[in-house]
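Residues per chain, in single letters:
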Amino acid sequence: MAKAINIHEFLNRFNEEYDFLYQNYDQVAGYHEAVDAFDDMFKNENSARFVREFAEYRGDILSSDRGAAAFMFALEAMA
């Protein structure tokens, strides 16, 4: 059974990850793998639904590689 994620806490973690990536010019181990994994999330309807719910809650879509990587790093940290 998948662990339920509090979307407010997830947004906070996402913001932390995004800021970390920004401060380090995206030169972080696992960055490119995280971007690729984010793209793969759309192959699974439940995962894609969570991405859409997060974008709606956040009020903005994830349109950058940095945002995609931050999403995946936050997901890994909270899963």
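Quick caveat: nothing in here was measured; it's all calculated off a predicted structure.

What is the right way to read the side chain of R66 from this model?
Counting through the fold element by element, R66 comes out in helix 4 (residues 65-78). Given the relative accessible area of 18%, R66 is considered buried. Separated by 2.7 Å, the side chains of R66 and D26 make a polar contact. Residues in contact with R66, not counting those within four places in the same chain, are Y18, L21, Y22, D26 and Y31.

Before we go on, may I ask you to explain a negative patch on the surface in this structure?
There is a patch of like negative charges on the surface, built from E33, D36, D39 and D65. In terms of residue count, helix 2 (residues 31-40) provides more of the negative patch than any other element does, 3 residues in total. Examined against the element boundaries, D65 turns out to sit in helix 4. On the accessibility criterion, D65 (47% relative accessible area) is partly exposed.

Got a minute to help me understand the pattern of salt bridges in this structure?
In a structure, side chains of opposite charge can pair up when their charged atoms sit close to one another. Scanning all chains against the criterion turns up 4 salt bridges. A salt bridge links E17 to R13; the nearest nitrogen and oxygen atoms lie 2.9 Å apart. Of this pair, E17 and R13 both sit in helix 1 (residues 7-23), 4 residues apart, which is roughly one turn of the helix.

For this particular structure, what's the right way to read the packing of helix 1 against helix 4?
Packed helices, taken two at a time, are described by the angle their axes make and the gap between the axes. Put simply, helix 1 and helix 4 touch, their axes get as near as 8 Å, and they point 125 degrees apart. Looking at the two axes, helix 1 sits oblique to helix 4. At the point where helix 1 passes helix 4, the crossing takes the right-handed sense. Here helix 1 contributes E9, F10, R13, F14, E17, Y18, L21 and Y22 to the contact with helix 4, which in turn contributes R66, G67, A69, A70, F71, F73, A74, L75, A77 and M78. When its residues are assigned to classes, the contact of helix 1 with helix 4 shows 13 nonpolar, 1 polar and 4 charged.

Would you take a moment to explain unusual backbone geometry for this structure?
Trans is the prevailing form of peptide bonds, just as negative phi is the prevailing case for residues other than glycine. Of note in the backbone geometry, Y25 takes a positive phi value of approximately 55 degrees without being a glycine. You can see Y25 is positioned in the loop between helix 1 and helix 2.

Help me out: how do you make sense of helix 2 in this one?
A turn of α-helix holds 3.6 residues, and therefore any two residues three or four places apart point the same way. Among the residues of helix 2, those classed as buried are Y31, A34, V35 and F38. Looking straight down helix 2, one finds that the buried residues subtend no more than 100 degrees of arc, so they occupy a single side. Exposed residues on helix 2 whose side chains face more than 90 degrees from its buried face are H32 and E33.

So, how was this worked out
- Residues numbered from 1 in each chain as written.
- Predicted model: local features only at pLDDT ≥ 70, side-chain atom pairs only at ≥ 80, totals over all residues.
- Heavy atoms only, no water.
- Helix = DSSP H or I, 4+ residues; strand = E, 2+ residues; numbered from the N terminus.
- Buried < 20%, exposed > 50% of the residue type's maximum accessible area, 1.4 Å probe, protein only.
- Polar contact = N/O pair within 3.5 Å; in protein donor to acceptor, adjacent residues only side chain to side chain.
- Contact = heavy atoms within 4.5 Å.
- Patch = residues over 30% accessible without salt bridge, like charges linked within 9 Å, V, L, I, M, F, W, Y side chains within 5 Å.
- Areas by Shrake-Rupley, 256 points an atom, 1.4 Å probe, with all protein chains shown as cover.
- Salt bridge = Lys/Arg side-chain N within 4 Å of Asp/Glu carboxyl O.
- Lys, Arg positive; Asp, Glu negative; His and termini not counted.
- Charge placed at Lys NZ, Arg CZ, Asp CG, Glu CD.
- Axes fitted to C-alpha atoms, helices over the stretch in contact; angles between N-to-C directions.
- Parallel < 35°, antiparallel > 145°, perpendicular 65-115°, else oblique.
- Left-handed = near helix turned anticlockwise from the far one by under 90°.
- Nonpolar A, V, L, I, M, F, W, Y, C, P; charged D, E, K, R; others polar.
- Arc of directions from axis to C-beta.

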